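# Structural features, examined
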Amino acid sequence: MTNHPGATHDHLPTALKALWHELPLLATAGALVCAASAVVVLLSPGLSPLSVLLAAFAIAPVWAAVVATMDAVVREDRGGVPLLLKNLRRHALAGLEVGVVPAVVIALALLNWQLYAGPLYALPLAVSGCAGVLLLLASCYAFSLRITSGLRGKTLWFTALHLVARAPLVPLGVLALVFVALLLGTSVTASLLLLAPGPVALFASAGTWTSYGTEKHALHR
């Protein structure tokens, strides 16, 4: 599916259809992400600077492969488990490149919080905390923009942050899905954690390319 650079396209219907047509892909994506997450939990349980950095190295490369495959599903109507495994080899380093940026800032925020001992520590805690939240939101866009569009460095993050400012509901919705999945997975049944990553990545891709296409269309008018 190829669109004119100035055209807009709503990718949500394609994502909704893929929830049924790409069930094996979604299940495999969930298993891979959960396996990477289990490594982090085993090596560093709980929320700490170390666990956040470990997550960047263990989960971000896998997440990059999942996002790349979901981008192909929503943009080109092609997916499948073989493509996911191929993307795992192809995009692991790009995923690490994206994931390490918010991870380092969030780890610094957690370290500042642990060291907090008075008003003098309030400023670095507030700055690192706000920066961490913004980069976490921007990363919902950044994975697709880095892997599929090839944006890098400052251009990548400025574009992602611009999209957060223009369309904040997409990353907020993605993080809300993650929170609900974690809540249900820990309180109802852990099997929900296996089902969540694929649909989360699918809707993140659909939201990213719908928002990015709308923004490009506005620039071409």
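These numbers were taken from a predicted model, which means no experiment stands behind them.

With that out of the way, let us pick up unusual backbone geometry. For residues other than glycine, phi is negative in most cases, and the peptide bonds are mostly trans. The residue Asp77 is not glycine, and still its phi comes out positive at about 60°. Assignment of secondary structure puts Asp77 in the loop between helix H4 (60–76) and helix H5 (81–90). Exposure remark for Asp77: the relative accessible area of 59% places this residue in the exposed category.

Contact pair helix H7 (residues 122–147) / helix H9 (residues 169–187): the axes reach a minimum separation of 9 Å and the direction vectors enclose 100°. Put simply, H7 runs roughly perpendicular to H9. Only Val170, Pro171, Leu172, Val174 and Leu175 of H9 make contact with H7, whose side of the interface consists of Leu136, Leu137, Cys140 and Tyr141. For the contact of H7 with H9, the class distribution of residues is 9 nonpolar, no polar and no charged.

We now examine the nonpolar core. A general trend in soluble globular proteins is that nonpolar side chains are found buried together. Residues Met70, Tyr141, Phe143 and Leu145 are the most contacted members of the largest nonpolar core, which totals 47 residues. Elements with a contribution of two residues or more to this core: helix H1 (12–21), helix H2 (23–43), H4, helix H6 (92–115), H7, helix H8 (153–166), H9 and helix H11 (197–220). By residue number, the principal contributor to this core is H4, which donates 11 residues. Setting aside residues up to four positions removed in sequence, Phe143 forms contacts with Ala60, Trp63, Ala64, Val67, Gly95, Val98 and Gly99.

The rules behind each value
- Residues numbered from 1 in each chain as written.
- Predicted model: local features only at pLDDT ≥ 70, side-chain atom pairs only at ≥ 80, totals over all residues.
- Heavy atoms only, no water.
- Helix = DSSP H or I, 4+ residues; strand = E, 2+ residues; numbered from the N terminus.
- Buried < 20%, exposed > 50% of the residue type's maximum accessible area, 1.4 Å probe, protein only.
- Axes fitted to C-alpha atoms, helices over the stretch in contact; angles between N-to-C directions.
- Parallel < 35°, antiparallel > 145°, perpendicular 65-115°, else oblique.
- Contact = heavy atoms within 4.5 Å.
- Nonpolar A, V, L, I, M, F, W, Y, C, P; charged D, E, K, R; others polar.
- Core = buried A, V, L, I, M, F, W, Y, C linked by side-chain atoms within 4.5 Å.

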